[in-house]
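# Overview (structure and organization)
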Amino acid sequence: MTNSLLWTPLAFGIVGLFLPKRATGWWAVLGAAVTLGLAVALLAGFDSGASGLQSTVEAKWIPELGVDYSLGVDGLNLFLILLTAVVWLGGTAFAAFRDQDRPHLFFLMMLLGETATLGAFLAQDLLLFVLFFDLMLVPFYFLFGAWGSDRAEGPSASAATLKMIVYTLIGSLLMLVGAIAAAVIAADGGQLTFSIAALVEQGLGEGSQRWIFWLFAAAFLVKMPAFLLHGWMPDAYRAAPLAALVVFSGVLAKVGAYGFLRVVLPLFPDATVEFQEVVLAIALASILYGSAMAFTQTNVRLIAGYSSVAQLGFITAGIFALRADGADGAILQMVNHGLVVAPLLVIVAILAERSGSEDLREMGGMAMRAPVLAALFLIVTLATLAMPGSANFIGEFYILNGLFQEKIVFAIVAISGVAMAAFYALRLYQRTMHNRKPEGIESREIDWRDGVVLAPLVACILALALYPQLILKRTDRSVQQAVAAVSDKQPSKAVARR
Amino acid sequence: MSFQAPTIDYAGLAPVIALTVGLCAVLMTAVFKPLRRTAPALTMLTLAGTAGLLIWQWGESTDLVSGALRLDELAISIALIAILTAAVAVLLSIREPAVEEVGSGEYHALLLGSVLGMTLLAQAQNLVSFFIAIEVLSIPLYILCAANLRREESLESGLKYLIVGSLGSATLLYGMSFLYGGAGTTDFDGIAAAIGREGVLGDPLIGVGIAMAAVGLAFKASIAPFHQWTPDVYQGAPTPITAFMAVATKAAAFAVFVRFFDVALAPQSGEWQAPLAVLAAISIVVGNVGALRQPSLKRMLGYSGVAQAGYILGGLVVASEAGVNAIVFYLAAYAFMNLAAFAVVVARERETAYGDDIRAVGGLGAERPLLAWPLTIAMLGLAGLPATAGFIGKLYLIEALVAGDYAWLAVFIAIGTMISLAYYLPVVAAMWMRPGAEAQTPGAPAIAGASPEADPTDPEAGRRPYLVAPALLAAAAVVFFGILPQPLVEFAERAGAALF
């Protein structure tokens, strides 16, 4: 089951190479749909009462090097897997409705990307995780570089892509060294293993934790991207083809945040406690900087990009509250943000097609003859700014709640991010949909093709708003475990417990 | 007084004998006109026969010629890599102008001679056999580099290689004489025993000997700062020979590096580990920085080879079995990646007017997908991205380094890999992505120093099965061993186990 979920996309992608050009897109959509079906089946079979991993797959891969092929599902990754499947289906369908240059390669890369991302979420072996984490870059290198568009401002698509790859690989190569160092040091001359569970059991000395922590943290913070490590983001967002950007922004950034929960907290608890405030400071800087940039940018893609920086800052802050409610909120918010940013980017693409520009100053008045589009956009906007009643509100509430009880000063600063989110989300909506319509722009209702892509994504947002317990109930147990390792190390709590 | 005739282990010597016989036979075809066309086939036959004999000897560990040579799994695995490379080089040499210019028989006989030297070098465990083998390896290569008689760059390349190579050999020989002076024996085991004895340990004579021998070997393996000849020679030599040199010479040099340091100098490992680590770090930095912005693919691969030699040297630095395993694994992976890349370079060199300039592969993804895929996989593999053998090789090396307390060198490998993306990925970009503004200079192809072969010699080269098949197979091996590395891991483990 887990195995077929992981490899289905890639299998469809390879078979798609041998189909006629016109069919590849729909074949890829079918592949993404089957994957979604498998992910839903995984959810249905998930036992929220059980602790530990479920639907595990264990096999020796390179025994000489201690690397196993081991996959598993628990509360931490279950909904991220589901998010991956949903967003990928949307992105692939969006691409299939449009003519693609060299469709065989395009859809192969899309589906390879899905397999790599699912692999990163599923992997329970540290090295396998690093491998899939790095592998995610390969398809996106091709997608961004070969199908991206050169912009007047900024570097060419291939230069922007190279920049993105170098940035992210710097992180992940250091992470490879860190992973190997963690395993070798933990084994201490004994049998080498990369199994995350076994490494947690063996434990690492405080001194080693301190430097290995940063090797991992750097990789995850670049991926998100966090403030100061976001240099690749604007150029890459500007150049990327939209279908690929939808999945990239919707899912890939979350792998970094997920890595903190899966690897860093359990494996390096001492270092996590030690550097808690440093990471929180980075997270807050991301919130403030991302928000500030989001309401000064005029390029609609970059507004989405910078708002992601801010949102990922929130998620990081939730994780590094080092409390169960903060981390619960972080997982919920990862899913929420994925579900929000994907339709947002699709809408951005639709608007850009209408106005022939991605500049906010040249847009406006789009809502006039497009009530359905306006309604869908409004729902997405309100979810982005975490309107009470949306699942985002609950996610942010949990995060802030966790942060308040732990670090009240940080929480107060973080709250300003909520206010700023309202500002940039509404600004985006107003400037595009309301205001006076400039000359030469047509306001047209979205056609059924885009509707088919958008409506289900928006439906997911609404469903989660009505029933966020769907996620919280299933994640709580795993989150407790992940956080428990750290909270034992916190001096304040250890004293309180005594 | 009775005379005891030495026992000769013909089974152990069989691969060397087969190569020598084949070499003579190939040379004979140059003399008899009707046989001239048979030289490549005869060479392939010799290589296949030798490979068969080597595989037959797999699992044996025998001392040959009174201990001058030792046929073990390390020697066999390295010899197999050299033979595989030579076989691909023979295929790539079909329709190569250099072959016509020097004569097919001579060309292939020299190639076999170099393979013979490599096979011997991988087995050498005596200073004398070590030196003889390295000369047998090198001298045919000096000539082969200059085989393109009508091209000035090729002649220059041969001469440069001759001078620098001789300098390396002389340094090596001088260092050996010091070692002999200090230890009183030429035998690797004897040297180890002598160094182990009290009084000799820390002897400056031995120290100088080790240093000079290391420098001589570094010349051969193109480890910085003794690499200056590499880019020039790689660029000037006929491309099939460059491919052969890049892979096989490196493998053979590392085989003897391993045997020399991990057997003969093992007792003194504390003294040479740190200097070699520094050498590896320098090589990683110099190679990776040098490869940046090189328009010539052969030159870029030359510099990348310097960087890769630095990575591989890391496996030697830790002086452990895991390190040797990692070296053999990486050498095998490196062979597949480089052969895939060079096969494509050869095809494009003959097909386009750009020579080995990076423009020769522009738009290859659309034009010749069967060539673009191998080159893409080779570049991604050399850059160490996952799902390629290059990734597993780096993993292997880094694991050995961290376990051997050289984590800082592992970090160097990681940093070097990052830099390397900036020259590997542009090749991929040139094949698949729309050219950037700067690359779109229209007009006639101006040959700006980077292109040895100006005129397309074979407009159909991109379809020739003898070029496409090796590229595809090598690339398939890179992916296969990246996903299922187990067979290659076991191969490498046996090689390492032979020494420790």
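Residues numbered from 1 in each chain as written. Chains lettered and ligands numbered in written order. Predicted model: local features only at pLDDT ≥ 70, side-chain atom pairs only at ≥ 80, totals over all residues.

### With respect to the overall build of chain A
For chain A, the count of helices and strands is 21 helices and 2 strands. Taking 2.2 N^0.38 as the reference for a compact globule, 498 residues should give roughly 23 Å; the C-alpha atoms of chain A span a radius of gyration of 22 Å, in line with that estimate. Taking as baseline every contact in chain A between residues at least 6 positions apart, the subset at least 24 positions apart corresponds to 80%. (Helix = DSSP H or I, 4+ residues; strand = E, 2+ residues; numbered from the N terminus. Rg over C-alpha atoms; globule rule 2.2 N^0.38 Å. Contact = placed C-beta atoms within 7 Å.)

### Some points on the overall build of chain B
Secondary structure assignment for chain B yields 20 helices and 2 strands. Over its C-alpha trace chain B gives a radius of gyration of 22 Å, about what one expects of a compact globule, namely 23 Å for 500 residues. A principal-axis box enclosing the C-alpha atoms of chain B has dimensions of 80 × 60 × 40 Å. Across chain B, the fraction of contacts at a sequence separation of at least 24, relative to all contacts at a separation of at least 6, is 80%.

### Overview of the confidence of the model for chain B
Detailed reading of the predicted coordinates is not advisable wherever pLDDT is low. Residues and elements named next belong to chain B. On average, residues of chain B score 89 in pLDDT, and 94% of them are at 70 or above. pLDDT under 50 marks residues 436–453. Its contacts with residues more than four places away, or in other chains, come to 25 contacts. Reported confidence for the predicted complex is 0.90 by ipTM and 0.93 by pTM. (pLDDT = per-residue confidence, 0-100.)

### Overview of the packing of helix 3 (residues 73–92) of chain B against helix 11 (residues 239–264) of chain B
Residues and elements named next belong to chain B. Packing of helix 3 against helix 11 leaves a shortest axis separation of 8 Å and a crossing angle of 175°. By the criterion of interaxial angle, the relationship of helix 3 to helix 11 is roughly antiparallel. Residues Leu74, Ala75, Ile78, Ile81, Ala82, Thr85, Ala86, Val88, Ala89 and Leu92 of helix 3 lie in contact with helix 11, whose contacting residues are Thr239, Pro240, Ile241, Ala243, Phe244, Val247, Ala248, Ala251, Ala252, Ala255, Val258 and Arg259. Residues that form the contact of helix 3 with helix 11 fall into these classes: 19 nonpolar, 2 polar and 1 charged. (Axes fitted to C-alpha atoms, helices over the stretch in contact; angles between N-to-C directions. Parallel < 35°, antiparallel > 145°, perpendicular 65-115°, else oblique. Nonpolar A, V, L, I, M, F, W, Y, C, P; charged D, E, K, R; others polar.)

### Some details on helix 9 (residues 204–220) of chain B
Residue and element names in this part refer to chain B. Spanning 17 residues, helix 9 covers 24 Å between terminal C-alpha atoms, matching the ideal 24 Å at 1.5 Å per step. Every buried residue of helix 9 is accounted for by Ile206, Gly209, Ile210, Met212, Ala213, Ala214, Gly216, Leu217, Ala218, Phe219 and Lys220. If you follow the buried residues of helix 9, they end up packed against helix 6 (127–145), helix 7 (152–183), helix 8 (188–196), helix 11 and helix 12 (269–291). Among the residues trailing helix 9, Ser222 stands out with phi positive, at a value near 50°. (Expected span 1.5 Å × (residues − 1). Buried ≥ 20, exposed ≤ 12 C-beta atoms within 10 Å, placed from the backbone.)

### Let's talk about the pairing of strand 1 (residues 54–62) of chain A
Residues and elements named next belong to chain A. With 6 bridges joining them, strand 1 and strand 2 (residues 67–73) adopt antiparallel strand pairing. From the neighbouring strand, Glu58 faces strand 2, where its bridge partner is Ser70. Counted between consecutive antiparallel strands, the loop separating strand 1 from strand 2 contains 4 residues, among which Gly66 sits at a positive phi close to 75°. (Pairing = 2+ DSSP bridges.)

### Some words on the nonpolar core
Residue and element names in this part refer to chain B. Ranked by size, the top nonpolar core spans 427 residues in total, and within it Ala252 and Ala340 carry the most contacts. Here this core takes 23 residues from helix 14 (residues 321–351), the largest share from any one element. Taken domain by domain, the makeup of this core includes at least three residues from each of domain 1 (10–264) and domain 2 (268–436 + 452–500). Residues within four places of Ala252 in sequence aside, it is in contact with Ile78, Ala82, Met118, Leu121, Ala122 and Leu137. (Core = buried A, V, L, I, M, F, W, Y, C linked by C-beta atoms within 7 Å. Domains from an automatic or database assignment.)

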